[in-house]
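Single-letter residue listing:
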Amino acid sequence: MIEINGVVEKIIYRNEDNGYTVALFNSEDESLTVVGNCIELKTSMEYELKGDFIHHNKYGEQFQFKEVIEILPQSEKGIIKYLSSGIIPYIGEKTAEKIVDSFKEDTLKIIEENPERLLEIEGIGPQKFEKIKAALSENKELREIMIFLNGYDLGTNLAIKIYKQYDAMAIDVIKENPYRLAEDIKGIGFKKADSIARAMGFDENSKERRRAALKYSLSMAAGEGHSFLPEEVLIKRTLKLINSTERELKEEITQLALDDRFILERDEEQINCYYAPYLRAENYIAGKIREIVDYKFAVPFDIGEALSKIEAKQNFKFARNQVEAVIEAVKNGILIITGGPGTGKTTTLKAIIEIFELMEKKVFLAAPTGRAAKRMKEATSREASTIHKLLDIGFSNDESINYGYEEDNFIDCDVLIVDEVSMVDLMLMSTLLRSLKAGTRLILVGDKDQLPSVGAGNVLADLIESEKIQVVNLNEVFRQSEKSMIIENAHLINRGLPPKITNNREFFLINESDERKTLETITELVKDRLPNYYGISSGEIQVLSPMRKGIVGVNNLNRTLQRVLNARGKEIVSGEDVLRVGDKVMQTKNNYNLEYSIESDFYAEDGKGVFNGDIGYISEIDEDDKTVTVLYDEIKKVKYEYADIDDLALAYASTIHKSQGSEFPVVIIPLHYGPYILLTRNLIYTAITRAKLAVVLVGEYKYLEVMIKNNRISKRYSNLRKKLVENVK
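Note that this is a predicted model, so its numbers are computed, not measured.

Draft legend 1. Representation of helix α12 (residues 276-293). Relative to the 26 Å expected for 18 residues at 1.5 Å per residue, α12 spans 26 Å between its end C-alpha atoms, a close match to the ideal helical length. Among the residues of α12, those classed as buried are Ala276, Tyr278, Leu279, Ala281, Glu282, Tyr284, Ile285, Ala286, Lys288, Ile289, Ile292 and Val293.

And the structure:
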């Protein structure tokens, strides 16, 4: 290999996922383009690169480096530039000058061998020093791990995740069993772990490989919403990953059952393969529901008379089903209220709450997401929280759930009302039920025709179809809502009928057969046409697409809208995306450890917790502190370390699944070809019911027809309904 020394003049391109970098490099003899994978290259820093010259068909001669050795500066000026380059967090140019002024040419030696002396520097207190010290230690160990992983095509971000998971033991863990990466590291699947294992010399017929493939197939099934897989289905899926035999995989499944994370359950002639938490959740839910349905309560006063007073006060007449819902809520330990848009779910909930308050009962309100909880609070004028916050659920570093309560530390309420229950998965429902003390009424509210939960299970459908729980279906659309074309068309679509498209102020179809033209039209609608027409901001418009890939998929829509709406500004690379100050972003998973602060003229609050689906705007990118600040709901500030920005995604457009539990003034939906499994009735129904002011469909009407006719609901392997039928009287 050839060795060259020089200074990085400019970073031309950088992919943070794999560390691939293109840079302009000034060596002693010439200026040249260098390319390769590395932890990082810093402009104005000196390096020794080892590699070879290559010829690129388009860009000509380049130097492709395989190794990068940082050359530490010797002059005081060079040391100041080095320290303030961002190589050490929390040290900017002014702090670097103070450090070098104190330690002179021994600065780097002192930082390496005796970092505690940094406490002598004005502006570096104990708290800041601990952060600097941790960063120094992490950088050293991370570099060693990167050198090891460099040969296996694992990028910078993955190397950081591996280090955080295994700490200093990372290399030993990977050498012993590289397949653990597929289980423990988000972003590494079986195929990647398998390629590493094969490169390290692991036998393709090894038991470790078969076991890892089985685990991966089961985890992928859970991601698709399955609580388990029948043994024969698990084997078929796994045989698509590896060359093996049914006999070998059956033997490995038997051995897998010795791992306490997996359980095999015999169901008549079938063997079901579970991740243990899912089986325990199914069994617990069935048992707890059996207990709750036995709760029966006397009605303490004439509910009809109480409702008449509410009607008189609100100048409103309850429908028969609404009255039934209120009575059943008082009488039963558990009740499900279901209904589509405009059927009076909110009015019914408010009446139920008022009745319980007349009974002097303590009522708590909760929903699966922050946005759904906010809507619940606004609709009822009562406090509401996310289920996770109510139960104090968090996630550990390995992303497994931890619970902030013991099973005998129950929620202190008499009545718990949970909205948007279609979004509640198996694990969350199990956790929720564990928190209820004996005698607590549970009221579950949701739209049975919306999409099921993203997580494993088919909870709402299983509860209803078991016919063991009292269900009230609100099916009368009230007169004051009939004028809404959004609500009317949602109900038509739900019945398999075509919507009325009159292109009034609420419901539009713009015919466009070319996807690129659709993309242009959506861009114009978001940027100018709809804001001018409705007098709203572009931020109040949400594009919802059935899929992520393609010209009108979420990924391309976000990049296109970002170029139009927020093309310039301070930025940071996150995966394949660039995040800029001013960007509309979404939190993509619950994070209960992120701290937030709320400051307004009338209110101040500090707390923890940002939730999946929360949408905000990037207000600051601090390169010295390596943080990104996002402002949610215009007042809630959340500061993300660079390592946490993987949880943020551009949100000018989102998938319909991600929009569950949210409402937006205006929704735009592209209509074009996609996988049949995605073009379903409940998907378009869910998308349309997200809009409050207007729905704009852009594309080909025939794909709207396809979605309305396609009432196919993907089968989910779940035994909850069966267990409820067998266990509940």
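Draft legend 2. Representation of unusual backbone geometry in the model. Even without being glycine, Ser381 reaches a positive phi, approximately 60°. Note that Ser381 resides in the loop between α16 (370-380) and β11 (385-386). With relative accessibility at 64%, the residue Ser381 sits in the exposed group. One non-glycine residue, Asp633, lies in the positive phi region at around 55°. Take Asp633: it is sitting in the loop between β25 (627-632) and β26 (636-641).

Draft legend 3. The arrangement of the environment of Lys345 in detail. For Lys345, the location among the structural elements is in helix α15 (residues 345-358). The spacing of Lys345 and Leu474 is 129 residues in sequence and 7.3 Å in space, taken between C-alpha atoms. When residues no more than four places from it in sequence are discounted, the contact partners of Lys345 are Gly339, Gly340, Val445, Gly446 and Leu474. From its side chain, Lys345 meets the backbone oxygen of Gly340 in a polar contact 3.1 Å long.

Draft legend 4. Looking closely at the packing of aromatic side chains. As enumerated under the stated definition, the model contains 13 aromatic pairs in all. Look at Tyr295 and Phe297: their rings are 6.5 Å apart centre to centre, the planes differ by 70°, and that puts the pair in the edge-to-face class. Residue classification places Phe297 among the partly exposed residues on the basis of a relative accessible area of 24%. For the pair Phe316 and Phe318, a centre-to-centre distance of 5.4 Å together with 85° between the ring planes defines the contact as edge-to-face. Phe318 matches Phe316 in its accessibility class, with the two residues each being buried. Here the aromatic residues Tyr179, Phe190, Phe202 and Tyr216 are joined through ring pairs into a cluster of three or more. A cation over an aromatic ring shows up here: Arg434 above the ring of Tyr284, its NZ or CZ 3.9 Å from the ring centre. We note Arg505 situated over the ring of Tyr533; from NZ or CZ to the ring centre the distance is 4.9 Å.

Draft legend 5. Region of the structure containing the UniProt feature "domain: Helix-hairpin-helix DNA-binding motif class" (unreviewed entry) in the protein chain. With numbering aligned to this structure, UniProt lists the feature "domain: Helix-hairpin-helix DNA-binding motif class" (unreviewed entry) at residues 81-102, 116-135 and 180-199. Taken as a whole, residues 116-135 contains 50% helix and 0% strand, while its terminal C-alpha atoms sit 13 Å from one another. As a span, residues 180-199 carries 75% helix and 0% strand, and end to end its C-alpha atoms are 15 Å apart.

Draft legend 6. Here's a closer look at the sheet that holds strand β29 (residues 664-671). Taken together, the five strands give an open sheet; going across it, the order is β17-β30-β29-β18-β28, and neighbouring strands pair in parallel fashion. Each edge of the sheet is formed by a strand with only one pairing partner; in this case those strands are β17 (507-511) and β28 (653-655). In this sheet, neighbouring strand axes are inclined to one another by 25° on average, regardless of whether the strands run parallel or antiparallel. Bridge count for strand β18 (residues 541-545) against β28 is three bridges, and the pairing is parallel. Residue pairing across strands places Ser545 opposite Thr655, the latter belonging to β28.

Reading the values: rules and limits
- Residues numbered from 1 in each chain as written.
- Predicted model: local features only at pLDDT ≥ 70, side-chain atom pairs only at ≥ 80, totals over all residues.
- Heavy atoms only, no water.
- Helix = DSSP H or I, 4+ residues; strand = E, 2+ residues; numbered from the N terminus.
- Expected span 1.5 Å × (residues − 1).
- Buried < 20%, exposed > 50% of the residue type's maximum accessible area, 1.4 Å probe, protein only.
- Contact = heavy atoms within 4.5 Å.
- Polar contact = N/O pair within 3.5 Å; in protein donor to acceptor, adjacent residues only side chain to side chain.
- Phe/Tyr/Trp six-rings, centres within 6.5 Å; stacked < 30°, edge-to-face > 60°.
- Lys NZ or Arg CZ within 6 Å of the ring centre and 35° of its normal.
- UniProt positions renumbered as here; feature names shortened; annotations may be inferred.
- Pairing = 2+ DSSP bridges.
- Axes fitted to C-alpha atoms, helices over the stretch in contact; angles between N-to-C directions.

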